[in-house]
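Commentary on secondary and tertiary structure
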Amino acid sequence: TAKVWPAPTARGGAVPADEAAGMALVDELQDFKTECYKQLVTKAGPRPGVLALMDSAIAAPGIAVGICSASTRGGFEKVVDAVVGQERL
């Protein structure tokens, strides 16, 4: 079977004409998803106990504390600002 780009159900339904156009669409969709995520996360709060656990670990000598995310850098920064707080970095 040949590789073909699926027809989007929104955004006009146009199938990308070639690989470059398809990759441009992927980049555009990723940027759109990141912007949606950044808007949502500003309304989020931490899960119960997370900040207390982080604060205890930060206060304990010899314990390294880090934050991992599968989000883009822009999304990650919004989470830190809205949920964790810059003061914990």
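Provided above is the structure to which this section pertains.
Here the structure is a predicted model, which is why all the values come from computation and not from measurement. (Residues numbered from 1 in each chain as written. Predicted model: local features only at pLDDT ≥ 70, side-chain atom pairs only at ≥ 80, totals over all residues. Heavy atoms only, no water.)

Bringing the environment of Pro 16 into the picture now. Take Pro 16: it is sitting in the segment before helix H1 (19-41). Expressed as a C-alpha distance, the spacing of Pro 16 and Met 54, which sit 38 residues apart in the sequence, is 46 Å. Beyond its immediate sequence surroundings of up to four residues, Pro 16 is in contact with Trp 5, Pro 6, Ala 21, Gly 22 and Leu 25. (Helix = DSSP H or I, 4+ residues; strand = E, 2+ residues; numbered from the N terminus. Contact = heavy atoms within 4.5 Å.)

Relative to each other, H1 and helix H3 (residues 73-84) sit at 5 degrees, their axes nearing to 9 Å. Put simply, H1 runs roughly parallel to H3. Across from Thr 34, Tyr 37, Lys 38 and Val 41 in H1, the residues of H3 making contact are Gly 74, Gly 75, Lys 78, Val 79, Ala 82 and Val 83. Across the contact of H1 with H3, the residue classes tally to five nonpolar, three polar and two charged. (Axes fitted to C-alpha atoms, helices over the stretch in contact; angles between N-to-C directions. Parallel < 35°, antiparallel > 145°, perpendicular 65-115°, else oblique. Nonpolar A, V, L, I, M, F, W, Y, C, P; charged D, E, K, R; others polar.)

Evaluated as defined, the whole model comprises four salt bridges. Here Glu 77 and Arg 73 are joined by a salt bridge, their closest N and O atoms 3.0 Å apart. With Glu 77 and Arg 73 both in helix H3 and four residues apart, this pair spans about one turn of that helix. For Glu 77, a relative accessible area of 36% puts it in the partly exposed group. (Salt bridge = Lys/Arg side-chain N within 4 Å of Asp/Glu carboxyl O. Buried < 20%, exposed > 50% of the residue type's maximum accessible area, 1.4 Å probe, protein only.)

Buried within H3 are the following residues: Gly 75, Val 80, Val 83 and Val 84. Burial along H3 is one-sided: seen end-on, the buried residues are contained in an arc of 140 degrees. In this structure, the buried side of H3 is in contact with H1 and helix H2 (50-59). Following H3 by one or two positions, Gly 85 adopts a phi angle in the positive range, close to 95 degrees. (Arc of directions from axis to C-beta.)

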